[in-house]
Amino acid sequence: MEKIVLSPSRVRRWIRCKKSYYWRYYQHLVRVEKETAPTLGLVVGKALADYYCEGDRNQSLLDKSLESSLNHYKFRPEVDTKLAKDWAKVTRVSKHLLSTYHEWASSRDDFKVIHVETPQQVELTPYVSLLAIPDTIVKVDSEDNLVLEHKVRYRYRPGDFGIDYQSVGSCLVSNSIGTLYNVLEYGKLKLHRELIVRSSYELDYFRDIFIHIGEDILSTPPEELYPQPFKRCSCEYWELCNGEMMGIDVDNIISELYQKSVRPREIKEESNGKEGGE
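Structure report, in brief. Note that this is a predicted model, so its numbers are computed, not measured.

### Section: the overall build of the protein chain
When helices and strands are tallied, the protein chain shows eleven helices and ten strands. In the protein chain, buried positions account for 47% of the 278 residues. In the protein chain, the share of contacts with a sequence separation of at least 24, taken over all contacts with a separation of at least 6, comes to 71%. About 14,900 Å² of surface is accessible on the protein chain, with carbon and sulfur atoms providing 50% of the total.

### Side note on helix H7 (residues 165-174)
Across the ten residues of H7, ten count as buried, placing the element largely inside the fold. Of the residues flanking the end of H7, it is Asn 175, one or two places downstream, whose phi is positive at about 55°.

### Considering the side chain of Glu 194
Locating Glu 194 in the fold gives a position in strand E9 (residues 190-197). Among buried charged residues, Glu 194 stands out as having no salt bridge; its nearest opposite-charge side chain is Arg 198, 8.4 Å away. Looking at Glu 194, its side chain comes within polar contact range of the side chain of Tyr 156, at 2.6 Å. Residues within four places of Glu 194 in sequence aside, it is in contact with Tyr 156, Pro 158, Gly 159, Phe 161, Thr 179, Leu 180 and Tyr 181.

### Focus: the pairing of strand E7 (residues 145-153)
With nine of nine residues buried, E7 is to be regarded as a mostly interior element. With burial as the criterion, each face of E7 is covered, one bearing Asn 145, Val 147, Glu 149, Lys 151 and Arg 153 and the other bearing Leu 146, Leu 148, His 150 and Val 152. Across four bridges, strand E6 (residues 136-139) lies against E7 in antiparallel orientation. Note that in E7 the partner of Val 138 across the bridge is Leu 146. Hairpin connection from E6 to E7: five residues lie between these consecutive antiparallel strands, with Glu 143 at a positive phi of about 75°. Pairing of E7 with strand E8 (residues 178-185) involves seven bridges; the strand directions are parallel. By the bridge assignment for E8, Lys 151 is matched with Val 183. A crossover links E7 with its parallel partner E8, the connecting element being H7, and its sense is right-handed.

### Some words on a negative patch on the surface
A surface patch of negative charge is lined by Asp 110, Asp 141, Glu 143 and Asp 144. Along the chain, Glu 143 falls in the loop between E6 and E7. Residue classification places Glu 143 among the exposed positions, given a relative accessible area of 55%.

### Some words on the sheet that holds strand E4 (residues 120-123)
Reading across the sheet, the three strands line up as E1-E5-E4 and stay open at both edges, with mixed pairing between neighbours. Lying at the two open borders of the sheet, with one neighbouring strand each, are strand E1 (4-6) and E4. The mean angle between the axes of side-by-side strands here comes to 25°, regardless of whether they run parallel or antiparallel. Both E1 and strand E5 (residues 128-132) contribute to a ladder of three bridges, which runs parallel. Bridge pairing in E5 places Ile 4 opposite Val 128.

About the thresholds
- Residues numbered from 1 in each chain as written.
- Predicted model: local features only at pLDDT ≥ 70, side-chain atom pairs only at ≥ 80, totals over all residues.
- Heavy atoms only, no water.
- Helix = DSSP H or I, 4+ residues; strand = E, 2+ residues; numbered from the N terminus.
- Buried < 20%, exposed > 50% of the residue type's maximum accessible area, 1.4 Å probe, protein only.
- Contact = heavy atoms within 4.5 Å.
- Areas by Shrake-Rupley, 256 points an atom, 1.4 Å probe, with all protein chains shown as cover.
- Lys, Arg positive; Asp, Glu negative; His and termini not counted.
- Salt bridge = Lys/Arg side-chain N within 4 Å of Asp/Glu carboxyl O.
- Polar contact = N/O pair within 3.5 Å; in protein donor to acceptor, adjacent residues only side chain to side chain.
- Pairing = 2+ DSSP bridges.
- Right-handed = clockwise from strand over helix to strand, strands pointing away.
- Patch = residues over 30% accessible without salt bridge, like charges linked within 9 Å, V, L, I, M, F, W, Y side chains within 5 Å.
- Charge placed at Lys NZ, Arg CZ, Asp CG, Glu CD.
- Axes fitted to C-alpha atoms, helices over the stretch in contact; angles between N-to-C directions.

In structure tokens form, the structure reads like this:
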């Protein structure tokens, strides 16, 4: 029997649409998109990752981390007026969000940082493994591990993160008992913390889900993954599925709208998916 390494993003895609999974993971197609400004979540996420890498954290360090993040994602917005405005907003809001973060977090960060954005993999069965990149793993006074997960949201509502495959997967690979959500709400420029502790029953339940999905993928031949598009389908492969159902040669669609991925993208997706709509 073949083996498979799952990621939370790979699992979400299989659950959402198996034909989308086919285009992404069997055909390795990614859509050729127009240039967009780096998101607020990317910029803030990298700044906080650099911040929590250091043992002696202070506001000056965070300011430098943010400048480094802005320089890392810097692009040429002058080629497009809208992109320039988007990038200016990301720069302005990220600075507002993090300007008081150290003062706010210093009294709440009663933990020891173990590691930051380190890929971790656990074998669920001899054939199914799970790979995830937790934002930050911390150890609390009880000697238990928690995942410190950074979330950037326009609006924050308590309880938004009840079922989150990324966070649950991070708990499984890091042997953590739960997730401490570090929420940066840019609609009101507020900061929040929400702790969700996962019971052993809940973690076992999700472990079984990952195993079941992995076995389902391995046992389903690619040619049996049929397109099922509908009018409001938001998948990036809608044109391909619709073309197949209409009997159109999709090679022309592929050449115009897609390109082959150089390497699987799920690891990048895990580390970049910080802003909304997971």
